[in-house]
Amino acid sequence: MPATPSHVARRLAAFCLFLLLGALAWSPRAQAGIANAPGANLEVSLITYGPGDTYWERFGHDAIELRDVASGEAITFNYGVFDFDENGFLLHFARGTMHYLMDAAPSEIDQRYYMDVGRSVTRQRLAFTAAQAADLRDFLLWNLRPENVRYDYDYYANNCATRVRDALDAALGGVLKKQLEARPARMSFRQQTARLMSQQAWLMLILDLGLGPYADQPLNAWQESFLPMVLQEDIRSVSVTNADDVKQALMQDEQLLSPNRLSPPPSEAPDLRLPLALAGLAFAAALVAARRFAPTAYALLGTLYLALAGLVGIALLILWTLTTHHSAWANANLLVFNPLAFPLVAAVWRSRRDSVSSGVANALIVLQLVAVLVAWLLHLLPGVVQQNQPWLLFAMPCWLALAWCLRRGALLSARTR
């Protein structure tokens, strides 16, 4: 999940904070504070930050706040820092081997940034026993050490929200996971991604095109809590047993520290089937009309489609075979967008002059039409099926129009002999 970029100064600040907390924890003359406070004095809260305007902020963010009720010191711990200055950052990003960092900061400073940019800030105070709060504090301080601060990032399985969720769950003895796994999720990875990225339509379409069947698997609430806002909502109905063996709600109270001042994401994922179907039909109609009235424009349109189909196919193959982006593996869109489109460019330019297509071109266009049919038939199979109907609805009329144009050129050429 994209989060806030880091600079060297921010990383040094986190390291200095760790040294400060560590010094307080082990100094015999330590003042009261988070690092050495008894568990009974530690207040544990989940802090949730709403989506931002930048694309890496669209999924929201969250943190764990520890507050010493005796001294008033409050520190937020989060797992959402990445470093543009890291050696090979872009290469790691492309390969799917990004490294994220844990960070910590005084709550007032950390939360002020989100308030200033108009993102909502919500605090949910949680019912932790003294022992659980102390265990959570010790784990977070251990995790903040330089040798433990980095982790391998994954968009859906290991991000800033899942790390916060897992830390809370471990301190609670697995109660959170047990209860959330028993509930069905409201949406799939694909639907949540499309919903949150819908305000950047071009990026939403690219992500939807690149997601494979992994993004369409049925989820439970535990898996769906890769999103901070989902974790915020689900934690409201989790129950725990307190030190007196009495069952109670995990969330003790919820406070909106700062309201959202940005455009909120929609509550539902957009349905892309009709828009992409209409776009495919419009392109196909333009192709057929240009074939008859403007052959050069027809060749240019055909080249544009085939080049894009081929480039998309190469990108999908690279994501599947050369990266660890498992959410993009086995993408069925390869059946309709693939590198086999490139050899057809020459056939399109020949057909504008009613020249006969080569045997290879004829075989390729037939193979492509069969691939489109197979892509549709895959939806009849049981199990997880990639929800790529919008792209099939876009590609099918385009391929049929290209096949008709190429075939028409062959027929006209045969008549003039």
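Note that this is a predicted model, so its numbers are computed, not measured.

(A) How the structure looks around the overall build of the protein chain. Assigned secondary structure in the protein chain consists of 15 helices and 10 strands. Counting across all 417 residues of the protein chain, residues that qualify as buried make up 50%. Restricting to contacts in the protein chain with at least 6 residues of sequence separation, those with at least 24 account for 78%.

(B) Focus on the environment of Leu 172. Among the secondary structure elements, Leu 172 is positioned in the loop between helix H5 (160-171) and helix H6 (175-181). Taking the C-alpha atoms as reference points, Leu 172 and Leu 250, separated by 78 residues in sequence, lie 9.8 Å from one another. Beyond its immediate sequence surroundings of up to four residues, Leu 172 is in contact with Phe 128, Gln 132, Val 240 and Leu 250.

(C) Geometry of the packing of aromatic side chains. Under the criterion given, the structure shown has 18 aromatic pairs. On the basis of an interplanar angle of 75° and a centroid distance of 6.1 Å, the ring pair of Tyr 79 and Tyr 151 is categorised as edge-to-face. Residue Tyr 79 is located in strand E4 (residues 74-83), and its partner Tyr 151 is located in strand E7 (residues 150-152); the two are separated by 72 residues in the primary sequence. Tyr 151 carries the same exposure label as Tyr 79, and that label is buried.

(D) Seen up close, unusual backbone geometry. The residue Asp 245 is not glycine, and still its phi comes out positive at about 65°. Among the structural elements, Asp 245 can be located in the loop between strand E8 (239-241) and strand E9 (247-249). You will see that Ala 330, though not glycine, has its phi angle at about 55°, which is positive. Mapping Ala 330 onto the fold places it in the loop between helix H12 (295-321) and helix H13 (344-351).

(E) Geometry of the nonpolar core. Grouped together as the largest cluster of nonpolar side chains are 51 residues, with contacts concentrated most on Tyr 305, Leu 306, Phe 337, Leu 344 and Trp 399. At the level of elements, helix H7 (189-197), helix H8 (201-210), helix H10 (228-234), helix H11 (273-293), H12, H13, helix H14 (359-377) and helix H15 (389-415) are the ones that each hand at least two residues to this core. Sorting elements by how many residues they give to this core places H15 first, with 11 residues. Beyond its immediate chain neighbours, meaning those up to four positions away, Leu 344 contacts Leu 306, Ala 361, Leu 364, Ile 365, Trp 399 and Leu 406. Formed by 45 residues, the second largest nonpolar core is a distinct cluster that contains Val 44, Tyr 153, Ala 221 and Trp 222.

(F) Highlighting H5. When the terminal C-alpha atoms of H5 are compared, their 17 Å separation across 12 residues agrees well with the 16 Å that a helix rising 1.5 Å per residue should span. Of the positions making up H5, those classed as buried are Cys 160, Ala 161, Thr 162, Val 164, Arg 165, Ala 167, Leu 168, Asp 169 and Ala 171. Capping of H5 at its N-terminal end is provided by Asn 159; its side-chain oxygen lies 2.8 Å from the backbone amide nitrogen of Ala 161. Remark: Gly 173 follows H5 within two positions and exhibits a positive phi of approximately 80°.

(G) Structural detail: the pattern of salt bridges. Enumeration according to the criterion identifies 12 salt bridges in this entry. Of the charged contacts, one joins Glu 65 and Arg 123 as a salt bridge, the two residues approaching to 2.9 Å between their closest N and O atoms. Placement of the pair is Glu 65 in strand E3 (residues 61-68) and Arg 123 in strand E6 (residues 121-126), with a sequence separation of 58 residues. Accessibility classification places Glu 65 together with Arg 123 in one group, the buried group. Asp 216 is the partner of Arg 190 in a salt bridge, and the nearest nitrogen-oxygen pair spans 2.8 Å. Residue Arg 190 is found in helix H7, and its partner Asp 216 is found in the loop between H8 and helix H9 (221-224); the two are separated by 26 residues along the sequence. For the pair formed by Arg 190 and Asp 216, the shared burial category is buried.

(H) The arrangement of the side chain of Asn 143 in detail. Within the secondary structure, Asn 143 sits in helix H4 (residues 130-143). Residue contacts for Asn 143: discarding those within four places in its chain leaves Tyr 79, Met 102, Asn 148 and Val 149.

(I) Representation of the side chain of Glu 57 in the model. Along the chain, Glu 57 falls in the loop between strand E2 (42-49) and E3. What makes Glu 57 buried here is its relative accessible area of 10%. From its side chain, Glu 57 meets the backbone nitrogen of Asp 53 in a polar contact 3.5 Å long.

(J) Layout of the confidence of the model for the protein chain. Residue-level pLDDT values for the protein chain average 89, and 88% of them are 70 or greater. Within the model, the stretch residues 1-16 combines pLDDT values under 50 with 49 contacts to residues more than four positions away or in other chains. In this model, residues 411-417 is a region of pLDDT below 50 whose contacts with residues beyond four sequence positions or in other chains number six contacts.

(K) Spotlight on helix H3 (residues 107-116). Those residues of H3 not exposed but buried are Ser 107, Asp 110, Gln 111, Tyr 114 and Met 115. The buried residues of H3 occupy an angular sector of 135° when the element is viewed end-on, so they sit on one face. The outward face of H3, more than 90 degrees from its buried face, is lined by the exposed residues Glu 108, Ile 109 and Asp 116. In the segment just after H3, Gly 118 is the residue with positive phi, at about 90°.

(L) View of the packing of H4 against H5. Following both chains from N to C, one finds H4 and H5 inclined at 135°, their axes separated by 9 Å at the closest point. One element, H4, and the other, H5, form an angle in the oblique class. You can see that H4 and H5 cross each other, and the crossing is right-handed. When H4 is examined against H5, the residues Gln 132, Leu 136 and Phe 139 are found in contact with a partner set consisting of Ala 167, Leu 168 and Ala 171.

About the thresholds
- Sequence positions are assigned chain by chain, starting from 1 and proceeding in written order.
- Totals for whole chains, interfaces and linings use every residue, but because this is a predicted model, local features are given only for residues with pLDDT of at least 70 and side-chain atom pairs only at 80 or more, for both listing and counting.
- The side-chain quantities take in all heavy atoms of the structure and omit both hydrogens and water.
- Only DSSP runs of H or I reaching four residues or more are called helices, and only runs of E reaching two or more are called strands; each is numbered from the N terminus.
- Note on exposure labels: buried denotes an accessible area under 20% of the residue type's maximum, exposed denotes more than 50%, and partly exposed covers the range between, all computed with a 1.4 Å probe on protein chains only.
- Two residues qualify as a contact provided that any one of their heavy atoms is within 4.5 Å of a heavy atom in the partner residue.
- For Phe, Tyr and Trp, rings pair up if their centres lie within 6.5 Å, where Trp contributes its six-membered ring, and each pair is then called stacked (planes under 30 degrees apart), edge-to-face (over 60) or tilted (otherwise).
- To define a nonpolar core, start from buried Ala, Val, Leu, Ile, Met, Phe, Trp, Tyr and Cys residues and group those joined through side-chain atoms within 4.5 Å.
- Any helix carries an expected span of 1.5 Å times its number of residues minus one.
- For the purposes of these results, a polar contact is taken to be a pair of N or O atoms within 3.5 Å, where, inside protein, one atom must be able to donate a hydrogen and its partner to accept one; residues adjacent in sequence count only when each atom of the pair is a side-chain atom.
- Criterion for a salt bridge: a side-chain nitrogen of Lys or Arg within 4 Å of a carboxyl oxygen of Asp or Glu.
- On a range of 0 to 100, pLDDT expresses the predictor's confidence in each residue.
- Relevant arc is that of directions from the helix axis to the C-beta atoms, nothing else.
- Only the contacting stretch of a helix is used when fitting its axis, a line to C-alpha atoms as for every element, and angles between N-to-C directions run 0 to 180 degrees.
- Our angle categories are set so that under 35 degrees counts as roughly parallel, over 145 as roughly antiparallel, 65 to 115 as roughly perpendicular, and the remainder as oblique.
- Working rule for handedness: look at the near helix, and if it is turned counterclockwise from the far one by less than a right angle, call the crossing left-handed; if clockwise, right-handed.

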